[in-house]
Amino acid sequence: MSTTAKPTVLFIHGLWMHPSTWEPWAQAFNELGYATMAPGWPGDASTVGESREHPEDIADHGIDEITDHYARVIADLDSPPIVVGHSFGGLIAQNFWDRNWLLPQ
């Protein structure tokens, strides 16, 4: 029996979405033994309602800033995660591959 831990699954949402949209997927992966995380973009509030009340908080964040935000999340992990991105979140995930940030060191 292998004692190797499964990698973390990192979910990245797309434009005009909220990290909570990943909750059903996170639950499904958790049930399969994966640790999951779905951190928001810079400026995302903790709830959809709060985000809708303050859309200015998530405005004016560019691709590089968002990519760098998630790179800091990844840097805090013990090993590279499995990255799942939807829509614009998929572009962020592709930036990681382009920069070789998801390769084991």
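Structure shown above.
Reading the values: the criteria
Residues numbered from 1 in each chain as written. Predicted model: local features only at pLDDT ≥ 70, side-chain atom pairs only at ≥ 80, totals over all residues. Heavy atoms only, no water. Helix = DSSP H or I, 4+ residues; strand = E, 2+ residues; numbered from the N terminus. Contact = heavy atoms within 4.5 Å. Buried < 20%, exposed > 50% of the residue type's maximum accessible area, 1.4 Å probe, protein only. Core = buried A, V, L, I, M, F, W, Y, C linked by side-chain atoms within 4.5 Å. Phe/Tyr/Trp six-rings, centres within 6.5 Å; stacked < 30°, edge-to-face > 60°. Expected span 1.5 Å × (residues − 1).

Enquirer: Help me understand the side chain of T8 in this model?
Expert: Within the element layout of this structure, T8 appears in the segment before strand 1 (9–12). With sequence-adjacent residues up to four places away left out, T8 is seen in contact with A35, T36, M37, L77, P81 and I82.

Enquirer: Mind showing me how you'd approach helix 4 (residues 88–98) here?
Expert: Residues three or four positions apart in an α-helix share a direction because the helix packs 3.6 residues into each turn. If you check which residues of helix 4 are buried, you get F88, G89, G90, I92, A93, N95 and F96. Buried residues belonging to helix 4 abut strand 1, helix 3 (63–75) and strand 3 (82–85). After helix 4 finishes, the residue N100 shows a positive phi value of roughly 60°.

Enquirer: Before we go on, may I ask you to explain the nonpolar core in this structure?
Expert: Soluble, globular proteins show a tendency: their nonpolar side chains are buried together. If you look at the biggest cluster of nonpolar residues, it comprises 13 residues, and the most contacted ones within it are L10, I12, Y70, V83, I92 and F96. Breaking this core down by element, the ones donating at least two residues are strand 1, helix 3 and helix 4. The dominant element in this core, judged by the number of residues it contributes, is helix 3, at five residues.

Enquirer: Help me out: how do you make sense of unusual backbone geometry in this one?
Expert: For residues that are not glycine, phi is negative in most cases, and the peptide bond is trans in most cases. A positive phi angle, close to 65°, is found at D60, a residue other than glycine. Mapped onto the fold, D60 is located in the loop between helix 2 (48–53) and helix 3. Taking relative accessible area as the criterion, D60 reaches 80% and is therefore assigned exposed. Backbone geometry at S87 places phi at a positive 55°, although glycine is not the residue there.

Enquirer: Help me understand the packing of aromatic side chains, please; the structure alone is not making it clear to me.
Expert: Two aromatic rings, taken as a pair, are described by how far apart their centres are and by the angle between their planes. Applying the stated criterion to the full structure yields four aromatic pairs. Aromatic pair F11 and F29: ring centres 5.7 Å apart, planes at 75°, arrangement edge-to-face. Here F29 lies in helix 1 (residues 23–31) and F11 lies in strand 1, a separation of 18 residues in the sequence. Among the residues examined, F11 registers a relative accessible area of 1% and is labelled buried. Relative to F88, the ring of W41 lies with its centre 5.5 Å away and its plane at 50°, an arrangement referred to as tilted. Note that W41 is positioned in the loop between strand 2 (36–37) and helix 2 and F88 in helix 4, a separation of 47 residues in sequence. Pair check on accessibility: W41 and F88 agree, each one buried. Ring pairing ties together the aromatic residues F11, W22, F29 and Y34, which thus form one cluster.

Enquirer: Quick question: what am I supposed to make of helix 3 here?
Expert: Taking 1.5 Å per residue as the helical rise, helix 3 with its 13 residues ought to reach 18 Å, and the 18 Å between its terminal C-alpha atoms agrees with that figure. Those residues of helix 3 lying buried are I66, T67, H69, Y70, A71, V73 and I74.

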